[in-house]
Amino acid sequence: MARYTGVYGFPESAAGARRLAEALNVPCHIAELHRFPDGESLVRLPEPVERAVVYRSLDRPNDKLVELTLAASVLRRQGATELCLVAPYMAYMRQDAVFRPGEPVSQTVVGDWLGRLFDRFVCVEPHLHRTHTLDAVFVGRPSVCLSGAGAIAERLRRDGTASDTVIVGPDEEAAPLVEAVAGPLGLTALVGRKERRGDRDVTVTLPDGAPLAGRPVVIVDDVISSGETIFSCARTARAAGAASVRVFGVHALFDAAVAARFEAEGLGTPLSCDGVPHPSNALPLARLIADALLAPC
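Residues numbered from 1 in each chain as written. Predicted model: local features only at pLDDT ≥ 70, side-chain atom pairs only at ≥ 80, totals over all residues. Heavy atoms only, no water.

Taking an unreviewed UniProt entry as the reference, the protein chain is identified by name as Ribose-phosphate diphosphokinase belonging to Azospirillum aestuarii. Taken directly from UniProt, the Sequence similarities (unreviewed entry) text for the protein chain runs: "Belongs to the ribose-phosphate pyrophosphokinase family." (UniProt positions renumbered as here; feature names shortened; annotations may be inferred.)

Written out as structure tokens, the structure reads:
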């Protein structure tokens, strides 16, 4: 019998919640949301279950965090004995230190907040840098950090990717993802160095003598938002002689204007995992997440 007895989703991620429920072979319930004229949210969860998976990616997180808090309170009041939050994209992970005086450590604040609501966490590529494990974010709660590398590697395998392809990451933070994609396929892995001067002012350099001339390049990154990191990386790869450039991202947070820029840059549409609902979704995560949920804690 499945460990969990039901999955709860939200309207914007209903398809992903249903895919996960199907993989777990449990019922799926979609929350009803109402927004009052002053912006307050009302959450209705009509079907109580004993051990619930709450599925929601936390892109554009602020309203979602409040609604998750309300949803958890309803489930507890209805008798749920265990709540697991599956957040394929976990918000507020990048602010893991005080970079300038007067700033919060947002990762700690949000980790403590959610840790008071849920008993277990499953996330995909949660953008950990100086904090190396999810256990350090959700202190005292079992947490699983999954990689999107397998989904990317499987797609490249199915596409018949050439053996001389180079998997490129734009910076050191992408190194584990790059190596996890390249390794199983026997491909060359390469990581650049990123200099960020602002949200949309980024330069990526690649190592001197990078072996890209005449070879296909696949750029992989955990998050694609403004696209500036990818654009700079692609230009640098082409300047080094790359024969072609494709782009894969685990979490697609970019809007239509950025998608148009990908086309204008000759990169086509990046392919992304389906944790964050997006037109670029092509890489399924439901089986990966279900296996994590069914594994012993």
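Caption draft 1: Main features of the overall build of the protein chain. Within the protein chain one finds eight helices and 16 strands. For a compact globule of 297 residues, the expected C-alpha radius of gyration is about 19 Å, and the protein chain comes in at 20 Å, within 12% of that figure. When the backbone C-alpha atoms are referred to their principal axes, the protein chain occupies close to 60 × 45 × 35 Å. The proportion of buried residues among the 297 residues of the protein chain is 51%. Contacts in the protein chain between residues at least 24 apart in sequence constitute 64% of all its contacts with a sequence separation of at least 6. Just so you have it, the protein chain exposes about 13,500 Å², and 52% of that area is on carbon and sulfur atoms. Of the side chains in the protein chain, 31 bear a positive and 36 a negative charge, and the two mean positions are spaced by 1 Å. (Helix = DSSP H or I, 4+ residues; strand = E, 2+ residues; numbered from the N terminus. Rg over C-alpha atoms; globule rule 2.2 N^0.38 Å. Buried < 20%, exposed > 50% of the residue type's maximum accessible area, 1.4 Å probe, protein only. Contact = heavy atoms within 4.5 Å. Areas by Shrake-Rupley, 256 points an atom, 1.4 Å probe, with all protein chains shown as cover. Lys, Arg positive; Asp, Glu negative; His and termini not counted. Charge placed at Lys NZ, Arg CZ, Asp CG, Glu CD.)

Caption draft 2: Examining the pattern of salt bridges more closely. As enumerated under the stated definition, the model contains 20 salt bridges in all. Residues Glu 265 and Arg 261 are paired through a salt bridge, measuring 3.7 Å at the closest nitrogen-oxygen approach. Judged by relative accessible area, Arg 261 falls into the partly exposed class, the value being 30%. The network of salt bridges with shared partners includes Glu 12, Arg 35, Arg 56, Asp 59, Asp 63, Lys 64 and Glu 67. (Salt bridge = Lys/Arg side-chain N within 4 Å of Asp/Glu carboxyl O.)

Caption draft 3: Layout of the sheet that holds strand S1 (residues 6-9). Spatially, the six strands line up as an open sheet ordered S2-S1-S5-S6-S7-S8, and their pairing is parallel. Unpaired on one side and paired on the other, strand S2 (28-30) and strand S8 (143-146) mark the two borders of the sheet. When the angles between neighbouring strand axes are averaged without regard to direction, this sheet yields 20 degrees. Relative to strand S7 (residues 120-124), strand S6 (residues 82-87) is paired through four bridges, and the arrangement is parallel. Considered in S7, the bridge of Cys 84 is made with Arg 120. Along the sheet, helix H1 (residues 14-24) makes contact with S1, S2, strand S5 (51-55) and S6, crossing S2 at roughly 165 degrees. (Pairing = 2+ DSSP bridges. Axes fitted to C-alpha atoms, helices over the stretch in contact; angles between N-to-C directions.)

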